[in-house]
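Structure at a glance
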Amino acid sequence: MSVNIDLAFTVTGIADEPQAHRIVDALGRLMLAENIELEVSMGVAKDEHGALFVSGESDHPLCVSRSYLWRPHFEGLFTATVEEVAAGAVSRIDWGYPDEEY
């Protein structure tokens, strides 16, 4: 059975702009490997204090089969990907379930 899932994420605690772009590149490769690269937009920005962060979100709900297995798999890969590029960074994933909102 498939489930529609909204994906949103942020990565904070980034040292500098080159590191932020390396995170985006690494996460882009992860999205490609998971076949969602065309469905997730991401980029680098600064918060109100000037600290860099990476954020992204699905452009529309992702239709995921066996999401109860895929979600922890993806979360583990996401965390490992960020840690590999920026050991001090903090990643957060927020999931939404749009079908439950109606």
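Below or above, wherever it landed, is the structure these notes cover.

**Some points on the nonpolar core**
- Within the largest apolar cluster, 25 residues are counted, with the highest numbers of intra-cluster contacts made by Leu7, Phe9, Val11, Leu27, Val54, Phe74 and Phe78.
- Of all the elements in the fold, those that place two or more residues in this core are strand S1 (2-12), helix H1 (17-33), strand S3 (52-58), strand S4 (62-65), helix H2 (67-85) and strand S5 (90-96).
- Take this core: its biggest share by element is six residues, from H1.
- Ignoring sequence-local partners within four residues, the contact set of phenylalanine 74 consists of Leu7, Leu30, Met31, Glu34, Ile36, Ile93 and Trp95.

**Side note on the packing of aromatic side chains**
- In the structure shown here, the tally under the stated rule is five aromatic pairs.
- Ring centres 6.0 Å apart and planes at 70 degrees place the aromatic pair phenylalanine 74 and tryptophan 95 in the edge-to-face group. On the criterion of sequence distance, the pair formed by phenylalanine 74 in helix H2 and tryptophan 95 in strand S5 is long-range, its members being 21 residues apart.
- Taking relative accessible area as the criterion, tryptophan 95 reaches 15% and is therefore assigned buried.
- Members of the aromatic cluster, connected to one another through ring pairs, are Phe9, Trp70, Phe74, Phe78 and Trp95.

**Looking at H2**
- Relative to the 27 Å expected for 19 residues at 1.5 Å per residue, H2 spans 27 Å between its end C-alpha atoms, a close match to the ideal helical length.
- Among the residues making up H2, those that are buried are Ser67, Trp70, Phe74, Phe78, Thr81 and Val82. Within H2, the buried residues cover an arc of 90 degrees as seen down the axis, which keeps them to one side. What points out from H2, more than 90 degrees from its buried face, is the exposed set Tyr68 and Glu84.
- Looking at the buried positions of H2, the neighbouring elements they touch are S1, H1, S4 and S5.

The rules behind the values
- Each chain has its residues counted from 1, running along the sequence as written.
- Note on the predicted model: pLDDT of at least 70 is required for a residue's local features to be given, and 80 or more for side-chain atom pairs to be given and counted; whole-chain, interface and lining totals, by contrast, use all residues.
- Heavy atoms throughout the structure, all of them, feed into the side-chain values; hydrogens and water do not.
- As used here, the term nonpolar core means buried Ala, Val, Leu, Ile, Met, Phe, Trp, Tyr and Cys residues forming a set that is joined through side-chain atoms within 4.5 Å.
- The buried label goes to any residue with under 20% of its type's maximum accessible area, the exposed label to any with over 50%, and the partly exposed label to all in between, with areas taken from a 1.4 Å probe on protein chains only.
- Strands here are runs of E lasting at least two residues and helices are runs of H or I lasting at least four, both read from the DSSP assignment and numbered beginning at the N terminus.
- Residue contacts follow a heavy-atom distance rule, with two residues in contact if any of their heavy atoms lie within 4.5 Å.
- Working definition: a ring pair exists when centres of Phe, Tyr or Trp rings (six-membered ring for Trp) sit within 6.5 Å. Plane angles under 30 degrees give stacked, over 60 give edge-to-face, the rest tilted.
- The span expected for a helix works out to 1.5 Å for each residue beyond the first.
- Arc definition: directions from the helix axis to the C-beta atoms.

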